[in-house]
Amino acid sequence: MTITRRDLLKHAGMGLGSAALLSYAPLSLAQKNRALKAQILGFTLSIHVPAIMALNEGMQALGYSASDMKRIESMQVLTQSIVAGSADVGESDVVSALRAGSVGADVKMVGLVYNNTSQVLVVNADKIKSYADFKNKDNAIALNSTGDFIYVMLSGIFERNGVNIEDATVVDVGGSGSRMRALLGGRVAAVPVHFDQAAGILKQGNYKVMVEPWKIYNPWLSEAWLVQGSWLKNADNARAITDLLKATVTSFRKTNQSLSYFVEGYRKYATVKDAKTATEDQLRPVWETLSKQIKAWPDDGGFRVKYFEELMPVYVKAGTIKRGTNITKTIDTQYMEKALKELG
């Protein structure tokens, strides 16, 4: 699916909804047991687990049905799909959402799917010994899709180390599982994958972790819940998205407090091999790294305009948006603020 600038502008709305949205009633009879139509990425890994639990158990606890989820491999295609109105809410990457909003798409990021990133850059250490080696056209980097949040994140890190990412060979492969197979198969020299996947890669050859982004950015913003602005103008939809954010923050808090809660969700929703039989002892270091070091699940949701503004230089340098772009047209914090107020 390709969305043109004309399509984006056609879907553009009139900006943020009115203040009346902040006074809508609790769950109406018309939407009781409603299932949100949600589009999520192709792989659910450790960092995604609390948000996916929110879509299901979390929403059910608030009177809805478990969300109707459809998987989409490409981050950019998922964002385009929300622009086109193919679902109620999407697990979009921040960069493609900002890019769509900057050219007129009527889309709103309303909360984070998780904070920071668990993605690390794993390289074939026989081929990559320094950043300069990425200038060798044979040393390809496999990404989900060129220009997505991982591309932008790496572009900032490469620049700090004297390399323009445009001088590197970048190929689109898809989800982290597909990228991992491309690296192990020798088709590429470097891949961003989740750190728990990286541990398995390092055992299979001369590979090393070259970049841990959470040690460089504070914070990095990767994925957000994305909706159409016009869709939010319906009071029932506004109520539903506030409830999704309440469910997400509640799930974040429960995950930080309880390894058992995380393990339960991981066994049910993670798409990695042997997830259903993972033990607490096996998952404890993963949970501790995500919760304590990466701070992936902030108790306040971690959704503030200032965090996006601090990353503006990276977005502009990577060509995501133009200097001077008003990103607050795409970032709408009112629903998170209401969710936090209701949660107390």
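Higher on the page you've got the structure.
What you see is a predicted model, and the numbers here were worked out from it, not measured in a lab.

Rules used in this analysis
- Residues numbered from 1 in each chain as written.
- Predicted model: local features only at pLDDT ≥ 70, side-chain atom pairs only at ≥ 80, totals over all residues.
- Heavy atoms only, no water.
- Pairing = 2+ DSSP bridges.
- Helix = DSSP H or I, 4+ residues; strand = E, 2+ residues; numbered from the N terminus.
- Axes fitted to C-alpha atoms, helices over the stretch in contact; angles between N-to-C directions.
- Contact = heavy atoms within 4.5 Å.
- Buried < 20%, exposed > 50% of the residue type's maximum accessible area, 1.4 Å probe, protein only.

## Observations regarding the sheet that holds strand β10 (residues 223-228)
For step 1, the next point in the chain: Ordered by their spatial adjacency, five strands build an open sheet running β2-β1-β3-β10-β4, and the pairing between neighbours is mixed. At either end of the open sheet lies a strand with only one pairing partner, and these are β2 (68-72) and β4 (107-114). Between one strand and the next, the sheet's axes are offset by a mean angle of 35°, whatever the strand orientation.
For step 2, the next point in the chain: Here β4 pairs with β10 via six bridges, running antiparallel. Its bridge partner lying in β10, Leu 112 is registered against Ala 224.
For step 3, the next point in the chain: Packed on one face of the sheet, helix α3 (residues 75-83) meets β1 (37-41), β2, β3 (89-93), β4 and β10 and runs near 140° to β3.

## A short note on the pairing of β3
For step 1, the next point in the chain: Taking burial as the measure, the five residues of β3 include five buried ones, the bulk of the element.
For step 2, the next point in the chain: Here β3 shows two buried faces, one formed by Val 89, Glu 91 and Asp 93 and the other by Gly 90 and Ser 92.
For step 3, the next point in the chain: Relative to β3, β1 runs parallel, the two being bridged by two bridges. Residue pairing in the sheet places Gln 39 in a bridge with Gly 90 of β3.

## Brief notes about the environment of Ala 198
For step 1, the next point in the chain: Within the secondary structure layout, Ala 198 lies in helix α7 (residues 195-202).
For step 2, the next point in the chain: Take Ala 198: its relative accessible area is 2%, and that puts it in the buried class.
For step 3, the next point in the chain: The spacing of Ala 198 and Asn 33 is 165 residues in sequence and 40 Å in space, taken between C-alpha atoms.
For step 4, the next point in the chain: In this structure Ala 198 touches Val 120, Val 122, Val 193 and Val 209, once residues within four positions along its chain are discounted.

Honestly, that's just the spatial picture; any functional story needs more than this.
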